[in-house]
Amino acid sequence: AMRWPAESCAVVSLVGRDVSLLRREFTPGRRVLALSSDEQTPGHIARLLVACGYGDSELTLLGDLGGPDQTSASFKASALADRKVDFPRLNIVALACTGPHLGGWVAGLPDDAFDVVLSQMSLQFMAEKVRALREMRRVLASDGRVLLNVPGPTPPLFAVFADALAEYISPDVAPFVHQVFALDDADELRALAEEAGFEQVEVTQKDKRLELPSAED
């Protein structure tokens with residue numbers, strides 16, 4: 001047993017879920033109890049920690065708790081990431097975080113809270129698109145769906161508008177127009193969603209006529 005006071009640690013269930021959910025908990029000195037999905041989970045956690053610069057974090061594996069074959073073993077994340085170790089299928093990972101400030105933990109929406117997430121013309125503006133998609137996936141129920149709507153490619157009219165902004169306002173302003181239409185590649189959008197852990201990804205492209213007032217109006 002770790003003998004950690006309940007108020008001093010976070011509890012995260014990874015049963016049937018992506019270990020990337022742990023990333024928002026990574027901050028120096030934080031303690032986390034991760035409920036593993038299976039015997040592969042500790043290794044996945046260790047590799048995630050190393051990838052995020054938390055290789056010095058200590059993982060204590062508590063196996064078959066409450067049973068006659070209860071076990072306990074401790075590892076540095078960096079050491080465990082490259083090792084093949086036989087863990088009990090039923091296990092909990094106690095994690096003491098050591099690493100840089102990532103700014104990834106926020107008290108946001110609860111897990112599994114929504115049936116549908118709608119992202120309307122916004123993903124193309126997000127610097128960390130995969131991370132944004134993973135957060136959408138986190139708040140979805142297990143059978144939930146995310147609907148993404150992004151426009152593109154840049155219509156000729158808006159290309160002219162961007163050129164006019166660059167010439168008469170500032171060259172620094174024009175890229176915003178192109179950014180609006182920057183995520184129009186179906187393969188790129190599908191790859192982003194799959195990297196974020198979504199399954200059964202469908203991308204549909206449809207032409208939409210945009211009606212604008214005449215120049216006289």
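Structure: see above.
Residues numbered from 1 in each chain as written. Predicted model: local features only at pLDDT ≥ 70, side-chain atom pairs only at ≥ 80, totals over all residues. Heavy atoms only, no water.

S.K.: Lay out the sheet that holds strand β1 (residues 9-13) in plain terms, naming residues and giving numbers.
M.R.: Judged by pairing direction, the sheet is mixed, and its 5 strands sit side by side in the order β1-β2-β5-β3-β4 without closing on themselves. Either end of the sheet is taken by a strand with one partner, and the two such strands are β1 and β4 (71-76). Going across the sheet, the axis of each strand differs from the next one's by a mean of 20 degrees, ignoring polarity. Bridge count for strand β3 (residues 58-63) against strand β5 (residues 91-96) is 6 bridges, and the pairing is antiparallel. Within the sheet, the bridge partner assigned to threonine 60 lies in β5 and is alanine 94. Where helix α1 (residues 41-51) meets the sheet, it contacts β2 (31-35), β3 and β5, and its direction lies at approximately 170 degrees from that of β3. (Pairing = 2+ DSSP bridges. Helix = DSSP H or I, 4+ residues; strand = E, 2+ residues; numbered from the N terminus. Axes fitted to C-alpha atoms, helices over the stretch in contact; angles between N-to-C directions. Contact = heavy atoms within 4.5 Å.)

S.K.: Residue-level account of helix α6 (residues 186-195), with values.
M.R.: When we look at burial in α6, the residues that qualify are Ala186, Leu189, Leu192 and Ala193. The buried residues of α6 occupy one face: seen down the axis, they fall within an arc of 130 degrees. Those residues of α6 that are buried are in contact with α3 (129-139) and β7 (140-149). Backbone nitrogen of aspartate 187 and a side-chain oxygen of the N-cap are separated by 3.0 Å at the start of α6; the cap is aspartate 185. Among the residues trailing α6, glycine 197 stands out with phi positive, at a value near 100 degrees. (Buried < 20%, exposed > 50% of the residue type's maximum accessible area, 1.4 Å probe, protein only. Arc of directions from axis to C-beta. Polar contact = N/O pair within 3.5 Å; in protein donor to acceptor, adjacent residues only side chain to side chain.)

S.K.: Kindly report on a nonpolar patch on the surface, identifying the contributing residues and their values.
M.R.: A cluster of nonpolar residues, Val116, Leu118 and Leu147, forms a patch on the protein surface that exposes about 290 Å² of accessible area. Tracing the backbone through its elements, the reader meets leucine 147 in strand β7. A relative accessible area of 45% places leucine 147 in the partly exposed class. (Patch = residues over 30% accessible without salt bridge, like charges linked within 9 Å, V, L, I, M, F, W, Y side chains within 5 Å. Areas by Shrake-Rupley, 256 points an atom, 1.4 Å probe, with all protein chains shown as cover. Salt bridge = Lys/Arg side-chain N within 4 Å of Asp/Glu carboxyl O.)

S.K.: Break down the pattern of salt bridges for me, citing the residues and quoting the values.
M.R.: For the coordinates displayed, the defined rule picks out 5 salt bridges. Here arginine 131 ties to glutamate 128 by a salt bridge, and the two come within 3.6 Å at their closest N and O atoms. The exposure class of arginine 131 is partly exposed, given its relative accessible area of 33%. By relative accessible area, which is 46% here, glutamate 128 ends up partly exposed. Residues glutamate 135 and arginine 138 are paired through a salt bridge, measuring 2.5 Å at the closest nitrogen-oxygen approach. In this pair, glutamate 135 and arginine 138 both sit in helix α3, 3 residues apart, roughly one turn of the helix.

S.K.: Now, about the packing of aromatic side chains: what can you tell me, with residues and values included?
M.R.: Per the counting criterion, the structure on display carries 4 aromatic pairs. Ring geometry for phenylalanine 125 versus phenylalanine 176: centroids 5.7 Å apart, planes at 15 degrees, classification stacked. Of this pair, phenylalanine 125 sits in the loop between β6 (114-120) and α3 while phenylalanine 176 sits in helix α5 (residues 174-180), and the two are 51 residues apart along the sequence. Phenylalanine 176 gets classed as exposed once you look at its relative accessible area, which sits at 52%. (Phe/Tyr/Trp six-rings, centres within 6.5 Å; stacked < 30°, edge-to-face > 60°.)

Coordinates in, geometry out; function isn't part of it.
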